[in-house]
Amino acid sequence: MMFFRRKFSFWLSIISIIICLGDYLGIVIANIILVRLNPIIDTLIFMKPFANWMVDVNNTEWAASSILISVKFPTYVIHFGTFLILGLLIDYLIHIFKQK
C-alpha cells in the first residue's frame, strides 16, 4: 500500500471519486468541478452526439450555468478516466526524470 500512496495516479483517482460522489450526492461545487474543470467533459457535454448520453438533455438546454446540469453515469466514467490517465502520465514523467 505504501507504493501506491506515492503515485499521482492513485491520488488523482481518489480525488476524482470524491468529486463524482460529491456531485452524485448533490454538492454544488462538485458539479462545477466535474463539468467545468475537466476540459474533455466541458468540450463534449454540449456537443449533440455526446450530450444525449452524458447529461439530462432537457435540463442542459435551460442551464445558464453548470450548477444546473444533471450528469449521467458515463460522465463520471470519463471524469475518472481522464484523472487516471493524467496521473499515469505524471507518474511516467517522474519515472523518466528519476532515471536520468
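Residues numbered from 1 in each chain as written. Predicted model: local features only at pLDDT ≥ 70, side-chain atom pairs only at ≥ 80, totals over all residues. Heavy atoms only, no water.

**Some remarks on the pattern of salt bridges**
The criterion, for reference: The term salt bridge refers to a side-chain nitrogen of Lys or Arg lying within 4 Å of a carboxyl oxygen of Asp or Glu. Relative accessible area decides the class of each residue, using a 1.4 Å probe on protein chains only: under 20% of the type maximum gives buried, over 50% gives exposed, and in between gives partly exposed.
Under the definition given, this model contains one salt bridge. In this structure, the salt-bridge partner of Asp42 is Arg36, at a minimum N-O distance of 2.7 Å. Classification of Asp42 by relative accessible area gives partly exposed; the value is 26%. Among the residues examined, Arg36 registers a relative accessible area of 36% and is labelled partly exposed.

**Overview of the packing of aromatic side chains**
Operational definition: Two rings from Phe, Tyr or Trp (for Trp, the six-membered ring) form a pair when their centres sit within 6.5 Å of each other. Planes less than 30 degrees apart are called stacked, planes more than 60 degrees apart edge-to-face, and all others tilted.
Under the criterion given, the structure shown has one aromatic pair. When the ring of Phe10 is compared with that of Trp11, the centres are 5.1 Å apart and the planes differ by 80 degrees; the resulting orientation is edge-to-face. What makes Trp11 partly exposed here is its relative accessible area of 43%.

**Looking at the nonpolar core**
Put simply, the test is: Definition used in this section: a nonpolar core is a set of buried Ala, Val, Leu, Ile, Met, Phe, Trp, Tyr and Cys residues joined via side-chain atoms within 4.5 Å. Numbering of helices and strands runs from the N terminus; a helix is a DSSP stretch of H or I covering at least four residues, while a strand is a stretch of E covering at least two. Here, two residues are considered to be in contact whenever any of their heavy atoms come within 4.5 Å of each other.
Counting 15 residues, the largest nonpolar core has Leu34, Ile41, Ile45, Met54, Val55, Val71 and Tyr76 as its most contacted members. Broken down by secondary-structure element, the contributors of at least two residues to this core are helix 2 (8–24), helix 3 (28–36), helix 4 (39–44), helix 5 (48–54) and helix 7 (73–99). Once residues within four sequence positions are removed from consideration, Met54 is found in contact with Ile41, Leu44, Ile45, Val71, Lys72, Thr75 and Ile78.

**Notes on the layout of surface pockets**
The test is simple: The distinction between a cavity and a pocket rests on a 1 Å grid over the protein atoms alone: a 1.4 Å probe fits inside a cavity but cannot get out, while a pocket stays open yet meets protein on both sides within 12 Å along at least five of seven lines, and a residue with an atom within 4 Å of a point counts as lining. Grid points are joined across faces, edges and corners, and a volume is the space filled by probe spheres set on the points.
Taken as a whole, the largest pocket spans an internal volume of roughly 160 Å³. Contributing to the lining of the largest pocket are Arg6, Lys7, Asp91, Ile94, His95, Lys98 and Gln99.

**A word on a nonpolar patch on the surface**
Our working definition: Patches here are clusters of residues that have more than 30% relative accessible area and form no salt bridge, with a 9 Å joining cutoff for like charges and a 5 Å cutoff for nonpolar side chains (Val, Leu, Ile, Met, Phe, Trp, Tyr). Per-residue accessibility takes into account occlusion by the displayed protein chains alone, with areas from the Shrake-Rupley method and a 1.4 Å probe.
Among the surface-exposed residues, Trp11, Ile14, Ile17, Ile18, Leu21, Tyr24, Leu25, Ile27, Ile29 and Phe80 lie close enough to one another that they form a single nonpolar patch of about 1000 Å² accessible area. Ranked by residues supplied to the nonpolar patch, first place goes to helix 2 with six residues. Along the chain, the position of Ile27 falls in the loop between helix 2 and helix 3.

**Looking at the packing of helix 2 against helix 3**
Geometrically, a packed helix pair is captured by the angle between its two axes and the distance between the axes. Put simply, the rule is: Fitting a line to C-alpha atoms yields each axis, with helices limited to the stretch in contact; the angle taken between N-to-C directions then spans 0 to 180 degrees. Relative orientations are named as follows: roughly parallel for angles under 35 degrees, roughly antiparallel for angles over 145 degrees, roughly perpendicular for angles from 65 to 115 degrees, and oblique for any other angle. If you view the pair so one helix is near and one far, a crossing is left-handed when the near helix is turned anticlockwise from the far one by less than a right angle, and right-handed when it is turned clockwise. Any residue outside Ala, Val, Leu, Ile, Met, Phe, Trp, Tyr, Cys, Pro, Asp, Glu, Lys and Arg is labelled polar, Gly included; the first ten of those are nonpolar and the last four are charged.
The N-to-C vectors of helix 2 and helix 3 enclose an angle of 125 degrees; their axes lie 7 Å apart at closest approach. On the basis of their axis angle, the class for helix 2 and helix 3 is oblique. Along this stretch, helix 2 crosses helix 3, giving a crossing that reads as left-handed. Two secondary-structure elements touch here, helix 2 through Ile19, Cys20, Gly22 and Asp23 and helix 3 through Ala30, Asn31, Ile33 and Leu34. A per-class count over the contact of helix 2 with helix 3 returns five nonpolar, two polar and one charged.

**Looking at the confidence of the model for the chain**
Reading predicted coordinates in detail is not appropriate for stretches of low pLDDT. Definition in use: Across the chain, each position has a pLDDT score giving the predictor's confidence in that residue, from 0 to 100.
In the predicted model, the chain carries a mean pLDDT of 81, and 83% of its residues have values of at least 70. Helix 6 (residues 57–62) is the least confidently modelled element of the chain, averaging 54 in pLDDT, while helix 7 averages 93, the highest of any element.

**A short note on helix 2**
Since one α-helical turn is 3.6 residues long, residues separated by three or four positions face the same way. Filter applied, for reference: Multiplying one less than the number of residues by 1.5 Å gives the expected span of a helix.
Here helix 2 spans 24 Å end to end across 17 residues, near enough to the 24 Å set by a 1.5 Å rise per residue. Considered for burial, the residues of helix 2 that qualify are Ser9, Leu12, Ser13, Ser16, Ile19, Cys20, Gly22 and Asp23. Where the residues of helix 2 are buried, they touch helix 3 and helix 7. Just downstream of helix 2, Gly26 is the residue with a positive phi angle, here 95 degrees.

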